[in-house]
Each structure stands twice: as structure tokens, then as C-alpha cells.
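Residue-level structural notes
So the chains spell out like this:
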Amino acid sequence: MRIALARSLVVFFLCSCASLLYVWTGLVEIGHGRSKRALGTPGAAVLTRQPDKQSPKTFRALLEGHVVHKARFSAYKNISNHTGYGSATGNLKVEQTNLNTHNSNHQQVHTGLHGLVEDGVFWSDRLESLLPRGFSNAHAQSWKSETRASQIVSLEKGCGRTSNRLARFSNGTKACVRYGINPDQVQGETLSYYLAILLGIPNLPPLVLSQVNPNSGQWSRVRGEVMDSQWSENAVVSLTEWVSNLTGVVTPAPLRQEGRRLHPLREDLDNRTTGEVLELVQWTDLILFDYLTANFDRLVSNVFSLQWDSRVMERDTSNLHKVPSGGLVFIDNEAGLVHGYRVLEMWQKYHETLLSSVCLFRKITASRIFDMHRLQDAAARLLILYRDSEPLAPELGFLSEDQAGILQNRVDQLYKHILNCKEKYSQF
Ligand SMILES: Nc1ncnc2c1ncn2[C@@H]1O[C@H](COP(=O)(O)OP(=O)(O)OP(=O)(O)O)[C@@H](O)[C@H]1O
Ligand SMILES: [Mg+2]
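Residues numbered from 1 in each chain as written. Chains lettered and ligands numbered in written order. Predicted model: local features only at pLDDT ≥ 70, side-chain atom pairs only at ≥ 80, totals over all residues.

Attention now goes to the overall build of the protein. Across its full length, the protein carries 17 helices and twelve strands. Looking at the 428 residues of the protein, the share that counts as buried comes to 39%. If you take every contact in the protein between residues at least 6 apart in sequence, the share linking residues at least 24 apart comes to 75%. (Helix = DSSP H or I, 4+ residues; strand = E, 2+ residues; numbered from the N terminus. Buried ≥ 20, exposed ≤ 12 C-beta atoms within 10 Å, placed from the backbone. Contact = placed C-beta atoms within 7 Å.)

This is the structure in C-alpha cells:
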């Protein structure tokens, strides 16, 4: 009897030690933060936990570890004629009043929807007039032409992964150089930028393409750095305007909490300062934009990570920053359109979750979506703008017909979503 009791105690002691060890190991892992998203399905990723530092790299793995898809620039050669859009750029002037963003009115606390929402589901004109101006079309045009004409005088480490560089130009400006392990990444970055312009979303820094050639005027002064970079010869890289004083951005409460929702309801908007509401306005654009481009490498990845990391929303959102005026800056859009569409099956339910959480829209964004739905010409418009704006467009290529079809389908889904919201809230 005593022997049996002693044996039970020993077994009990060993089990307790094992449990403690198990719990401790788990805590250490959780303490490391976000888990690695492994190559494969989101479900599979839950099984493969890695330290926090690694998590951006896993998206990189997702971006890099796929079969290179041949882009077909010529597929849309003839479409341009039927849209009636001449130079799309000329039609895209986003009318936004610059605001003094340090205006004390931004501290004003709102109760109710009055002054914030119009026609059921649209942010009011008054709010629109207070929005940080973002990267205006005029600014982008002058930045682009100056950057194209300037020599790069130094290439330093910076701007994220080891293959990216911070470039300094002879005119004193700086840009982030993004080198794609395959062309899809630069395509995704570039076409996302032009899609944002088509939608009137002014939150993406201006971008130009450049072909790396140590013998060309633009690159000759950094020949040595180019040689050291291990970039392939004649690679097409993207240069995006370097923005100073960026800070991190945490997802705002209505989109962060369980049952996230940003609808035209008092509970969702009450007791917020004008500054907070202006940030929400920009988030609604961000969610629509990431839905269209199927970019999982921002808020969507956080929603996915909630499965095992309940505090992920309390940390800064990846690839999103803010300037001191309150303007959000959407950087690193390389997962959009091309690769995002390829892995859509894995991520669609998270994209849908986020889209359904938003029933408030900027009028300009909604109207561009309505136009692209009515004319069924999303890819055609994008191609015209891209081709007219970017001399290296033929080098980099465009969406395949399948990808163009997915883009149009997502425009149509957004159109339906906006109509459903309108139907639901117009009577209020
Ligand atoms: N246009 C820019 N202006 C200023 N800083 C930038 C810009 N683009 C990138 N950065 C800085 O570089 C960091 C990484 O940028 P980015 O996300 O584009 O590269 P990445 O290779 O994906 O890096 P990460 O793995 O950190 O996401 C950003 O968090 C930001 O601090
Ligand atoms: Mg990034």
C-alpha cells in the first residue's frame, strides 16, 4: 500500500514538472510575440511558431516563395481606346483642402453623427475638408520628374529588408529603393500605387521605376554600391519618396475590438475627437484599398494572427505609418494585386471579415468604385494611367487577364457592399 502511494506521488510529481515545463515553454513563445506565418495555408501557420522578429520575414517568404508568374503587358494594348480616358492623370486631380492639422478644433469631441455622416454612409464634406492633404497629384508629379532626372549619390542600408536601400539624390531628396526577388513584388508595389491614384486615395508616397544600370547617368555615381548589392543586372526597382518623421499606428478601437465595426452608428463614433475621426476616415479607405488589392500584409495579417495572439491589435500595424499632421502613409504595398491575388484562397475570409466591418466611405472613393463597376473597366483604367505615367511600364509588365478579372470582381464586390450599407443605413 505504501509502495503504491509512493509510486503515485512520484508519478504525480513528474507530471507536475512536465506541465510546468510545458506552460513555461508556451509563455516564452508567446512572449516572443507574433507567430510566424509559414508558407502555406493560414491554418498551417498556427502550427509553426517563431519569434516575433521573424514575422515580417515570413510574409517575405510568402512573397518570394512562389512560381514566378509571367506578366502580360500587351494583353490590354487595345483596351485604352474604349474608355474615353485620355491621359488618366489629368482627370485625377484630387480636390482636397489642405488643413492646418494642428488646428485646435481637432480636439473637439463629437457626440452623435451630426456633422460626421451624410447620405447614410458617407463621411461628410466638412470632415473631408479637414483631412490631411496627403500626397497631392501636383506634389507627386514634381517629385517624380525631379527624381527621374536626379543622380543617386549614395545607397545605404535602410528601408527594411537587406535587399532594399535608402538612396540619396543629387538634389538632396531621398527615396526607398525596393528590389524584388522576383518582378511580381515590384509590380504589386507599382500597380497598387497607381490604383490608389485612380481611387483618389492620397496616402501612398509617390513612386517611380528605375532600371539598375551602373553605366547610366542615374546610377553611375553608386556603381560600387550597386556591385555590392547583389541586385541582378538591369533589374527594375521602385523608388518611393522617403517621408520624414514617420511614427507607428495602432489600429483604432472600433476596428480593434472583438466584433470590430465602423458603421454609421452613434456607438461607433460617439465621444471621439475630430482628430480621431479624421484618422478613422483614412482607415476606411485603407480597408477598401487592401480589400481591392488583396493585400494581406497590413491589417488583414493582424486579424489572422488574432487566432493565437490576442494582443496583436495593440501593437503598431505593419506597413502603416503616420506623419505628424495625422496623415496615414500606406507603405510597402508589394503584396497587393499580383501576389495577393495568387494567395487569395488563403486570405479571402479575413479580407471579407474586415470589409464587412466597415460601412462608412469617402465619397470620392465610393464614386470611383461605382464608375469602375458601371463601366467594367478597372484594369483598363489602371493600365492607361500606368502606361501614361511610367516609362518603364513595358519593361515591368501589367496584370494578366486573370488578375484583371479578379480586380474587376473585387470592384463589383465593393460596389455591392456599399449599396448594402446604403440600404441598411439610409433611413437614419
Ligand atoms: N517611404 C518611406 N519613407 C520613410 N521611411 C520608410 C519608407 N519606406 C519604408 N520606410 C522605413 O523602412 C521600414 C521598412 O519598410 P518596408 O516595410 O517598406 O520594407 P520591408 O522590407 O517590408 O521591411 P519590414 O520587414 O520592416 O516590413 C519602415 O517601417 C519605415 O521605417
Ligand atoms: Mg514591410
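Within the largest apolar cluster, 92 residues are counted, with the highest numbers of intra-cluster contacts made by Y194 and L382. The leading source of residues in this core is helix 10 (residues 274-293), at eleven residues. Residue-level mapping places this core at the junction of two domains, with at least three residues from each of domain 2 (73-134 + 245-425) and domain 3 (138-241). Contact partners of L382, with chain neighbours within four places excluded, come to L191, Y194, L195 and L198. (Core = buried A, V, L, I, M, F, W, Y, C linked by C-beta atoms within 7 Å. Domains from an automatic or database assignment.)

In this section: helix 13 (residues 344-356). The terminal C-alpha atoms of helix 13 lie 17 Å apart, and with 13 residues this matches the ideal 18 Å at 1.5 Å per residue to within 8%. In helix 13, a bend of some 25° at Y350 exceeds every other bend along the element. If you check which residues of helix 13 are buried, you get W347, H351 and L354. (Expected span 1.5 Å × (residues − 1). Bend = angle between axes of the 7 residues up to and from the residue.)

With 75% of its residues at a pLDDT of at least 70, the protein reaches an overall mean of 80. Low pLDDT, under 50, characterises residues 1-6; the predicted model gives this stretch zero contacts beyond four residues in sequence or across chains. (pLDDT = per-residue confidence, 0-100.)

Our focus in this paragraph is the sheet that holds strand 4 (residues 152-156). With antiparallel pairing, five strands are arranged side by side in an open sheet as 4-5-6-8-7. One side of each edge strand has no neighbouring strand; the edge strands of this open sheet are strand 4 and strand 7 (207-211). Neighbour-to-neighbour, the strand axes of the sheet open up by a mean angle of 30°, direction not taken into account. In this sheet, strand 6 (residues 174-178) lies alongside strand 5 (residues 165-169) in antiparallel orientation, the contact comprising four bridges. Residue pairing for strand 6: R168 is matched across the bridge by K174. Docked against the sheet, helix 5 (residues 137-149) engages strand 5, strand 6, strand 7 and strand 8 (236-241), running at close to 20° with respect to strand 7. (Pairing = 2+ DSSP bridges. Axes fitted to C-alpha atoms, helices over the stretch in contact; angles between N-to-C directions.)

As a further point, take the environment of S142. One can find S142 in helix 5. When the C-alpha positions of S142 and P206 are compared, they lie 9.7 Å apart, and in sequence the two are 64 residues distant.

Read across the sheet, three strands follow the order 9-11-12 without closing on themselves; strand pairing throughout is antiparallel. Only two strands of the sheet have a single neighbouring strand rather than two, namely strand 9 (247-250) and strand 12 (328-330). The sheet shows a mean angle of 55° between the axes of neighbouring strands, taken without regard to direction. Note that strand 9 and strand 11 (residues 316-322) share three bridges and pair antiparallel.

Turning to helix 6 (residues 183-199), a few remarks are in order. Taking 1.5 Å per residue as the helical rise, helix 6 with its 17 residues ought to reach 24 Å, and the 24 Å between its terminal C-alpha atoms agrees with that figure. Within helix 6, 16 of the 17 residues are buried, which leaves the element mostly enclosed by the surrounding structure. Phi for G200, located one or two positions after helix 6, is positive at around 75°.

With phi around 65°, C159 is a residue other than glycine that occupies positive phi space. Of note, C159 is situated in the loop between strand 4 and strand 5. A tally of 19 C-beta atoms within 10 Å means that C159 is categorised as partly exposed.

Right, let's get into the pairing of strand 11. Judged from the three bridges that link them, strand 11 and strand 12 form a sheet pairing that is antiparallel. From the neighbouring strand, K322 faces strand 12, where its bridge partner is L328. Counting the residues in the hairpin turn of strand 11 and strand 12 gives five residues, including G326, whose phi is positive at 100°.

Direction vectors running N to C along helix 10 and helix 17 (residues 401-425) enclose 145°, while the axes themselves pass 8 Å from each other. From helix 10, L288, Y291 and L292 reach across to helix 17, where they touch R410, V411 and L414. A breakdown of the residues in the contact of helix 10 with helix 17 according to their chemical character gives five nonpolar, no polar and one charged. (Nonpolar A, V, L, I, M, F, W, Y, C, P; charged D, E, K, R; others polar.)

To continue, consider the environment of E395. Along the chain, the position of E395 falls in helix 16 (residues 393-396). Since 14 C-beta atoms lie within 10 Å of it, E395 is described here as partly exposed. Each C-alpha atom, one on E395 and one on V236, is 7.7 Å from the other, the two residues being 159 residues apart in sequence.

In the contact formed by helix 6 and helix 10, the axes pass within 11 Å of each other and the chain directions differ by 130°. If you check the angle between helix 6 and helix 10, you find them oblique. Where helix 6 crosses over helix 10, the handedness of that crossing is right-handed. In this structure, helix 6 uses S192, L195, A196 and L199 to contact helix 10, whose residues at the interface are F289, L292 and T293. (Parallel < 35°, antiparallel > 145°, perpendicular 65-115°, else oblique. Left-handed = near helix turned anticlockwise from the far one by under 90°.)

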